[in-house]
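So you can see what is in the structure, the chains are spelled out below.
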Amino acid sequence: MHIPELEGNMGPGDVAAKIRQVQHRGYDRFETKHRRKDGQLYDVEIVVQYMEDDNGRLFVFSNDISQRKKSEEMIDVLSQTWQLAQKAANIGYWSYNIKGREPVWSEQMFPILGFDPDKGVPDYERFIESLHPDDRINFDDAFQAAQSGVSYNIEARRILPDGSMSWFNSQGFPRHGNDGTVFEVFGTLQDITERKNA
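Residues numbered from 1 in each chain as written. Predicted model: local features only at pLDDT ≥ 70, side-chain atom pairs only at ≥ 80, totals over all residues. Heavy atoms only, no water.

A.B. asks: Run through the overall build of the protein, naming residues and quoting values.
C.D. replies: Helix and strand counts for the protein stand at 7 helices and 8 strands. Burial analysis of the protein (198 residues in total) assigns 33% to the buried set. Summarising the internal contacts of the protein: among those between residues at least 6 apart in sequence, 37% fall at separations of at least 24. Split by element, the accessible area of the protein, about 12700 Å² in all, is 51% carbon and sulfur. (Helix = DSSP H or I, 4+ residues; strand = E, 2+ residues; numbered from the N terminus. Buried < 20%, exposed > 50% of the residue type's maximum accessible area, 1.4 Å probe, protein only. Contact = heavy atoms within 4.5 Å. Areas by Shrake-Rupley, 256 points an atom, 1.4 Å probe, with all protein chains shown as cover.)

A.B. asks: Provide a residue-level description of a nonpolar patch on the surface, including the pertinent values.
C.D. replies: Together, Met51, Phe59 and Phe61 give the surface a local cluster of nonpolar side chains, amounting to about 300 Å² of exposed area. With respect to the helices and strands, Phe61 occurs in strand S3 (residues 57-64). (Patch = residues over 30% accessible without salt bridge, like charges linked within 9 Å, V, L, I, M, F, W, Y side chains within 5 Å. Salt bridge = Lys/Arg side-chain N within 4 Å of Asp/Glu carboxyl O.)

A.B. asks: Could you give an account of the pattern of salt bridges, with specific residues and numbers?
C.D. replies: Per the stated rule, a full pass over the model turns up 13 salt bridges. With a closest N to O distance of 3.7 Å, Asp28 and Arg25 form a salt bridge. The exposure class assigned to Asp28 is buried, which follows from its relative accessible area of 6%. Across the pair Arg195 and Glu155 runs a salt bridge, and its minimum N-O distance is 3.3 Å. In this pair, Arg195 is assigned in helix H7 (residues 193-197) and Glu155 in strand S6 (residues 152-159), connecting sequence segments 40 residues apart. Its relative accessible area of 52% is what places Arg195 among the exposed residues. A cluster of three or more residues bridged by salt bridges with shared partners is formed by Glu31, Arg68, Lys69 and Glu72.

A.B. asks: How would you explain empty space enclosed by the protein if you had to name every residue and give the values?
C.D. replies: Taken as a whole and assessed by the stated rule, the structure comprises 1 cavity of 30 Å³ or more. If you add up the space inside the largest cavity, you get close to 180 Å³. If you trace the largest cavity, you find 16 residues lining it, with Trp94, Trp105, Tyr124, Phe127 and Phe143 closest to the centre. Every element with two or more residues in the lining of the largest cavity is listed here: strand S4 (91-97), strand S5 (102-105), helix H4 (109-113), helix H5 (124-129) and helix H6 (133-146). No other element matches S4, which puts 3 residues into the lining of the largest cavity. (1 Å grid on protein atoms, 1.4 Å probe; cavity = no way out; pocket = protein on both sides within 12 Å on 5 of 7 lines; lining within 4 Å. Points joined across faces, edges and corners; volume = space filled by probe spheres on them.)

A.B. asks: So, the nonpolar core: which residues are in play, and what are the values?
C.D. replies: Among the nonpolar cores identified, the biggest contains 22 residues, and Trp94, Leu113, Phe127 and Phe139 are the most heavily contacted of them. Broken down by secondary-structure element, the contributors of at least two residues to this core are S4, H4, H5, H6, S6 and strand S8 (182-191). Other than its neighbours up to four places away in sequence, Leu113 contacts Trp105, Phe127, Arg158, Leu160, Phe168 and Leu189. Within the second largest apolar cluster, 7 residues are counted, among which are Val22, Phe30, Val44 and Ile46. (Core = buried A, V, L, I, M, F, W, Y, C linked by side-chain atoms within 4.5 Å.)

A.B. asks: Go over the pairing of S4, please, and point to the residues and values.
C.D. replies: S4 sits mainly inside the fold: 5 of its 7 residues count as buried. The sheet contact formed by S4 and S8 spans 7 bridges and is antiparallel. Across the sheet, residue Ser95 finds its bridge partner in S8, namely Phe186. Once S4 ends, the chain turns through 4 residues before running back antiparallel as S5, passing Arg101 with a positive phi of about 50°. (Pairing = 2+ DSSP bridges.)

A.B. asks: So what's going on with the pairing of S6? Residues and values would help.
C.D. replies: Here S6 runs beside strand S7 (residues 165-176); their pairing, made up of 8 bridges, is antiparallel. The residue bridging Asn153 from the neighbouring strand is Gln171, located in S7. The turn joining S6 and S7, which pair antiparallel and follow one another in sequence, is formed by 5 residues; a positive phi near 95° is taken by Gly163.

Read these as spatial facts, not as claims about activity.
This is the structure:
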């Protein structure tokens, strides 16, 4: 089969333009779709090298990436499902890299705790300061213990930017490296204000 017959995404003009681009740059790597003899399309990764000699040859390597694409699509579906589940349950998840002191939050953490996602994840000190004064020490003690390998399950109050107060439940779990030391703490945080106020 010739390239225009094989190519499933680009028309003859696009193929010709791509060849000219490769001749100019000398190399390219891209993803596209190819057509099997039965007409079925499948995903491929193309690596092409141009050798400038008397014939001006193109060396083309094609790799079927259909399975990888299916896996990526499944991960996207699972991620979207997980996001919907978080919103329905009003729950978020987080992680904290101990060495880098780097917190990571899921999207749902921000509305639960009243932080602006456009400003990024607050550092731990700012988060602690947002808690009710009576809950700061207990929460910090539990979080520090998790960094030493002790899981926790704790309830605390958060003072929201408008001055109102909300309740949340947070569970934290240590993650150990190959040497047995804790390198990360991760967990969930759920808004329980409605239950507390019932």
